[in-house]
Amino acid sequence: MARIDAKYLLDFEKPIMELENKLNDMRALDTNGLDLSGEIAALADRVDDLRSSIFRDLTRWQRVQIARHPLRPYTLDYISSLTRNFIELRGDRNFGDDPAIVSGFATYHGARFGYRDRTVLMVGHQKGRDTKSRKYRRFGMPNPEGYRKARRHMHLAAKFNKPVICLLDTPGAYPGMEAEERGQAEAIARNLFEMARLPVPIVVVIIGEGASGGALGIGVGDRLLMLENSWYSVIAPESCSSILWRSWDYKEEAARSLKLTASDLVNVGVVDQIIAEPLGGAHRNPEATYAAVGKAICDVLKELDPLSAADLLQQRLDRFDQIGIFEEVS
């Protein structure tokens, strides 16, 4: 498991760091001739037990924090690990390019996961790692041209009968005036309409944040998979708190009420499968996370491949018809 710099530790991880520091101090003494093997083993067990207990009982807000971790893998990291020969396509042929959404064709490493290598369209939100790239990517918040770019490429995938894999990780669509002027709502709505009837398999994976229409704009598919510590909701907890309580101070209560975690959404039929993360989150062991996501995507593609276009579209329609719970009263 990767060691994380103290500045990247979340508040609830600090007790683990304190024990780990003591463990490292004891190991340093052990190398100076003192035999502390018994004490070291006992303390190491305490560290493991504490880490397991903390991450076994995470609150919804704590999972939101992990989903936003600055070291968490982003879309281009998954593309680099799970595909080869990625060719990014840019522009919506209408206004311009949107770096908050990356899209292009690549050869998927299906043989690595007991399937077969094949060409797929990869689409996903992309955040930045530093101030410059975050500004360039707008923190993964797309403009209308981003959704139109994705839609153009999806039609291209359908033309050549290639599956579409969408990776969601956005705090929402870009809220600027220029985005509204260029038709933000129409671009998202058009994507929902077009993706609902796209005659090729669509696999959607929530790898981090899945907020509002910003995520839904490339989030319609045959299967919706979700990483264990990601979240998916009509609104972010802070925004919900601001609307209901006129303050961000109630964001934790908002997260509880929104029921935005993977287990919550599986229970109501919105999400089809939870992909387990390494203990501590995807950023603790990115390679294991890539392998888990890659295997899950391949399993879905194997399931969808034999279906005709008509059967695929009917199953997609049935899936959305079954979402939600209601009760009729006389």
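Here, the structure is the one placed above.
Note that the coordinates shown come from a computational prediction; the quantities given were computed from them, not determined experimentally.

### Regarding the environment of V204
So, step 1. Tracing the backbone through its elements, the reader meets V204 in strand 5 (residues 202–211).
So, step 2. For V204, a relative accessible area of 0% corresponds to the buried category.
So, step 3. With residues up to four places along the chain from it excluded, the contact list for V204 reads C166, L168, I218, G219, V220, G221, R223, L224 and L225.

### Side note on the layout of surface pockets
So, step 1. Here the largest pocket is characterised by a volume of approximately 620 Å³.
So, step 2. If you go around the largest pocket, you meet 29 residues; those closest to its centre are F139, M141, P171, G172 and E209.
So, step 3. Looking at the lining of the largest pocket, its residues break down into 15 nonpolar, 8 polar and 6 charged.

### A word on the pairing of strand 5
So, step 1. Taking burial as the measure, the 10 residues of strand 5 include 10 buried ones, the bulk of the element.
So, step 2. Across 6 bridges, the pairing between strand 4 (residues 164–170) and strand 5 is parallel. Opposite L168, over in strand 5, you have I206 as the bridge partner.
So, step 3. As paired strands, strand 5 and strand 6 (residues 223–227) are joined by 4 bridges and run parallel to one another. The residue bridging I206 from the neighbouring strand is M226, located in strand 6.
So, step 4. Where strand 5 meets strand 7 (residues 231–233), 3 bridges bridge the pair, whose relative direction is parallel. The partner of E209 across the bridge, within strand 7, is W231.

### With respect to the pattern of salt bridges
So, step 1. Under the definition given, this model contains 27 salt bridges.
So, step 2. Of the charged contacts, one joins D169 and K127 as a salt bridge, the two residues approaching to 3.2 Å between their closest N and O atoms. On the criterion of sequence distance, the pair formed by D169 in strand 4 and K127 in the loop between strand 3 (118–125) and helix 5 (131–137) is long-range, its members being 42 residues apart. In terms of burial, D169 and K127 fall into one category: buried.
So, step 3. Among the charged side chains, a network of salt bridges with common partners joins R68, K127, D169, E209 and E238.

Procedures and definitions
Residues numbered from 1 in each chain as written. Predicted model: local features only at pLDDT ≥ 70, side-chain atom pairs only at ≥ 80, totals over all residues. Heavy atoms only, no water. Helix = DSSP H or I, 4+ residues; strand = E, 2+ residues; numbered from the N terminus. Buried < 20%, exposed > 50% of the residue type's maximum accessible area, 1.4 Å probe, protein only. Contact = heavy atoms within 4.5 Å. 1 Å grid on protein atoms, 1.4 Å probe; cavity = no way out; pocket = protein on both sides within 12 Å on 5 of 7 lines; lining within 4 Å. Points joined across faces, edges and corners; volume = space filled by probe spheres on them. Nonpolar A, V, L, I, M, F, W, Y, C, P; charged D, E, K, R; others polar. Pairing = 2+ DSSP bridges. Salt bridge = Lys/Arg side-chain N within 4 Å of Asp/Glu carboxyl O.

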